[in-house]
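# Summary of the model geometry
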Amino acid sequence: MKDADIEINIDELRLVGFKGHQQHEIVEALKTELIRLIKSNGIPQGMGNSIQLDKVSGGTINMSPTTKPSAVGYHAARAVYNNFRVGWR
């Protein structure tokens with residue numbers, strides 16, 4: 001699957017306690033990891049090629065004061081993808 005085949009739009013993302021530049025880095029890491037997961041593992045069965053969701057949980061992410069924003073996005077993407085896999089079987 002090519003990158004151009006996958007489009008992820010996030011209309012709203014609630015990130016409490018992060019500054020603007022950190023939020024941007026989190027969103028970019030989240031999108032990058034979601035695309036990588038979809039390319040590596042495919043779209044979870046039953047989702048089809050196009051979906052629109054009103055709300056998706058990114059789970060709870062345990063972090064320290066030194067956790068990089070990109071790591072937050074990475075872990076949130078994995079939680080979202082795993083929720084897709086469990087919820088769409």
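See the structure above.
A brief report on the enclosed structure follows.

Rules used in this analysis
Residues numbered from 1 in each chain as written. Predicted model: local features only at pLDDT ≥ 70, side-chain atom pairs only at ≥ 80, totals over all residues. Heavy atoms only, no water. Helix = DSSP H or I, 4+ residues; strand = E, 2+ residues; numbered from the N terminus. Buried < 20%, exposed > 50% of the residue type's maximum accessible area, 1.4 Å probe, protein only. Contact = heavy atoms within 4.5 Å. Areas by Shrake-Rupley, 256 points an atom, 1.4 Å probe, with all protein chains shown as cover.

A word on the overall build of the chain. Of the regular secondary structure elements, the chain holds two helices and zero strands. Counting across all 89 residues of the chain, residues that qualify as buried make up 27%. If you take every contact in the chain between residues at least 6 apart in sequence, the share linking residues at least 24 apart comes to 74%. Here the chain has roughly 6800 Å² of accessible surface; of this, 46% comes from carbon and sulfur atoms.

Mapped onto the fold, Met63 is located in the loop between helix 1 (20-41) and helix 2 (69-87). Setting aside residues up to four positions removed in sequence, Met63 forms contacts with Phe18 and Val72.

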